[in-house]
Amino acid sequence: MLYEVDFNPNNSTLSIGITNPTSRDGDHTAYTVTVDEQRVHSADYRLDQNESRTNEVNITPGLNANQDNHTVTFSTYGNATQFNFTREINSSDSGPVPTPHITDVEVTSGTVKGESSAVANVTIANPSKQLYSTKLMVHTVRTDGSLYPASVRPGDSRTITVELLDEDGTEIAGEARLYTGNMSTQEGAIDQVEFAGQAGSDTSTWNTSYEPVRPTWMDDNYEYENASYEPPLDEKLSRGYDFAGVPLIYFPVALLVGGIALRKLR
């Protein structure tokens with residue numbers, strides 16, 4: 001078989017021409033096209049004498065948005081041809097290059113470790129040919145950050161149930177971040193969605209530009225705020241922590257008041 005392969009990086013297409021130059025009919029040939037080590041196309045032909053076939057393959061679905069240097073490989077029966085090119089892709093605004101993204105968030109009631117809890121069901125889709133090692137971080141007014149591994153197989157989707165520390169059955173507002181690598185940098189940013197809703201009602205969602213923030217395990221970590229869903233001042237000062245349902249801020253206040261009272265008695 002004779003192969004003529006040409007790559008055009010400007011429109012991301014691989015042009016393939018195949019001809020059977022022999023005197024035999026029904027000769028078999030097959031080939032695959034991979035982009036950044038992921039298969040994007042394969043074909044299997046039987047060609048008669050002097051018969052030709054042409055094809056154009058769009059390699060965009062296979063591009064890895066987290067890479068600047070890309071490789072297109074055409075392979076057939078042990079032979080291979082490679083094309084290398086450079087293209088910087090903004091993973092959080094990738095244009096025609098498909099990347100994973102959050103498609104839906106539903107605030108509802110659920111069970112976490114055998115206990116009833118407010119939860120957010122976050123659905124993620126991956127329309128690309130690439131498998132990204134994505135992570136999901138969810139913040140709400142009362143949830144400092146819930147982290148989950150969130151990789152999705154190419155061409156598939158999945159729903160992740162996220163535990164929320166907000167009171168079950170109340171209106172809950174928050175945001176979900178999808179990213180690879182470090183959440184505190186723009187590199188590896190994928191998607192960010194804000195949401196608001198409560199169990200038994202529809203949840204509103206809207207896309208926002210990805211904002212790098214410091215995670216919970218770092219000093220001066222990020223805290224989500226929403227003026228329409230602010231917690232009471234005592235809960236805010238207690239950073240969401242309580243003992244037997246009483247915000248922690250009241251305990252040092254009680255000790256202080258108790259100490260003043262004792263001094264007056266003496």
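Our structure's up above, just so we're on the same page.
Bear in mind that the values here come from a model prediction, so they are computed numbers and not experimental data. (Residues numbered from 1 in each chain as written. Predicted model: local features only at pLDDT ≥ 70, side-chain atom pairs only at ≥ 80, totals over all residues. Heavy atoms only, no water.)

Caption draft 1: Highlighting the overall build of the chain. Scanning the chain for helices and strands turns up two helices and 17 strands. Taking all contacts inside the chain whose residues are at least 6 apart in sequence as the whole, residues at least 24 apart take part in 56%. Carbon and sulfur atoms make up 46% of the accessible area of the chain, which totals about 14900 Å². (Helix = DSSP H or I, 4+ residues; strand = E, 2+ residues; numbered from the N terminus. Contact = heavy atoms within 4.5 Å. Areas by Shrake-Rupley, 256 points an atom, 1.4 Å probe, with all protein chains shown as cover.)

Caption draft 2: Spotlight on the packing of aromatic side chains. Taken as a whole and assessed by the stated rule, the structure comprises five aromatic pairs. Between F7 and F85, the aromatic rings sit 5.1 Å apart at their centres with planes inclined by 45 degrees, giving tilted as the arrangement. In this pair, F7 is assigned in strand β1 (residues 2-8) and F85 in strand β7 (residues 79-86), connecting sequence segments 78 residues apart. There is no split in this pair, since F7 and F85 are both buried. Geometrically, the ring pair formed by Y31 and Y45 is tilted, given 6.4 Å between the ring centres and 45 degrees between the ring planes. (Phe/Tyr/Trp six-rings, centres within 6.5 Å; stacked < 30°, edge-to-face > 60°. Buried < 20%, exposed > 50% of the residue type's maximum accessible area, 1.4 Å probe, protein only.)

Caption draft 3: Here's a closer look at unusual backbone geometry. We note that S12 has phi near 60 degrees; this positive angle belongs to a residue other than glycine. Even without being glycine, D220 reaches a positive phi, approximately 50 degrees. Looking at the element boundaries, D220 is found in the loop between β15 (204-207) and α1 (233-237). When its relative accessible area of 72% is taken as the criterion, D220 is described as exposed.

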